[in-house]
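# Report on the structure
Given next are the chains, with one letter for each unit.
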Amino acid sequence: MRRAIFVLLLLTLSARAEQKNVKLLTGLTDTELQRTMNMMRASMGTHCDHCHVSGEQWDFASDAKPQKQRARAMIQMVMDLNRTQFDGRSVISCYTCHRGATRPVNTVPLPTPAPPFPTPVAEKIELPVVNTLVAKYVAALGDVTRLGTRHLIGEATKAGNTASIEIREQNGKLQQITQLPKGSLEQTFDGTNYWWRNAEGTGSMPPGGQENFRALADAFAPVLPTDVGTESHTIRKEKVGERDAWVVQRGGPKEPYRRFFFDTETGLLLRSMLYVPRSIGTIPQQTDYEDYRDVGGTKYPYLIRVSMVDPWT
């Protein structure tokens, strides 16, 4: 397992998926179910109460809302399409049709402009080999051996709240100390066990917390040349903000895969994307790297921005 860091202890739902009256998206862990539901929520442009009963407490198991029954029918349709038409690949998702709206648009807006003729053909460009991009990345970073042992001090901002953090990683042990209003929270993974400690005591990290720990591993661990791997391939050229980037993909299409966006000029990594295919669609996680600075002969991004389908994580 890769080195893992998380910013704040994340709250997870306590029951398994089947215990929440889940009929179709069974066999998922709490975090997997939460991310899948948030992918659907984001595709619809709604909050969870569009389908689920809310009040003083959420009643996720309730089938009282007709929207929930309709959602089940749509989930089954998407699952069937991916299975029968796309060889089980997650090609179709809720977002394919909804695009952030509760009702998908099924008619062309009028009037329609005259299309160009002949139809423009995208210019074919020669894509660099991955080894060349990795070599340029290593040269831009400097001494990459120093990234194996880290001691970072900084601030983490989540949902408008900022806390000071200290992260230590050495000899397979990862430790993070977060300063919270009620005191410090220490979270540790020693290669086998997960545990936490605060002013009130200490204990083992619950399964949901461990899963979130692993899920955010790629977000804050440096991307090393070995993470890109020799089996990756360059797929296209794309913009990241105002910068041009070569996009390299590793893995896929039915298994979790990654895309790395290397600056065409500097060679530094601008963005990494993690994609987790599900029968109902693909769950993305995006990490942007900004403000690279030289630290003792190694360049390191001083701003790391993580975006997930779960806006509260």
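Residues numbered from 1 in each chain as written. Predicted model: local features only at pLDDT ≥ 70, side-chain atom pairs only at ≥ 80, totals over all residues. Heavy atoms only, no water.

### Some details on the pattern of salt bridges
Enumeration according to the criterion identifies 15 salt bridges in this entry. We note a salt bridge from R250 to E231, for which the minimum N-O separation is 3.0 Å. In this pair, R250 sits in strand β8 (residues 243-250) while E231 sits in the loop between α7 (225-228) and β7 (233-240), placing the two residues 19 residues apart along the sequence. Accessibility expressed as a relative area gives 51% for E231, which makes it exposed. Between E265 and R243 there is a salt bridge, with its nearest N and O atoms 3.6 Å apart. Of this pair, E265 sits in the loop between β9 (257-263) and β10 (269-278) while R243 sits in strand β8, and the two are 22 residues apart along the sequence. The class for R243 is partly exposed, based on a relative accessible area of 33%. (Salt bridge = Lys/Arg side-chain N within 4 Å of Asp/Glu carboxyl O. Helix = DSSP H or I, 4+ residues; strand = E, 2+ residues; numbered from the N terminus. Buried < 20%, exposed > 50% of the residue type's maximum accessible area, 1.4 Å probe, protein only.)

### Some remarks on the confidence of the model for the chain
Overall, the predicted model of the chain reaches an average pLDDT of 87, with 92% of residues at or above 70. The secondary structure element of the chain with the lowest average pLDDT is helix α6 (residues 217-220), at 64, and the one with the highest is β8, at 97. Of the regions scoring below 50 in pLDDT, residues 1-18 engages in 66 contacts with residues more than four places distant in sequence or in other chains. (pLDDT = per-residue confidence, 0-100. Contact = heavy atoms within 4.5 Å.)

### Side note on the packing of aromatic side chains
Per the counting criterion, the structure on display carries five aromatic pairs. With a centroid separation of 5.4 Å and 5° between ring planes, the pair formed by W58 and F60 is classed as stacked. Here W58 falls in the partly exposed class, since its relative accessible area comes to 40%. Ring plane angle 15° and centroid distance 4.9 Å describe the contact between Y257 and Y275, whose orientation is recorded as stacked. (Phe/Tyr/Trp six-rings, centres within 6.5 Å; stacked < 30°, edge-to-face > 60°.)

### Overview of helix α4 (residues 130-141)
Taking 1.5 Å as the rise per residue, α4 with 12 residues should run 16 Å; its terminal C-alpha atoms sit 16 Å apart, in good agreement. Considered for burial, the residues of α4 that qualify are V130, L133, V134, Y137, A140 and L141. Seen end-on, α4 carries its buried residues on one side only, within an arc spanning 125°. Opposite its buried face, α4 presents the exposed residues N131 and A139, each directed more than 90 degrees away. Phi for G142, located one or two positions after α4, is positive at around 95°. (Expected span 1.5 Å × (residues − 1). Arc of directions from axis to C-beta.)

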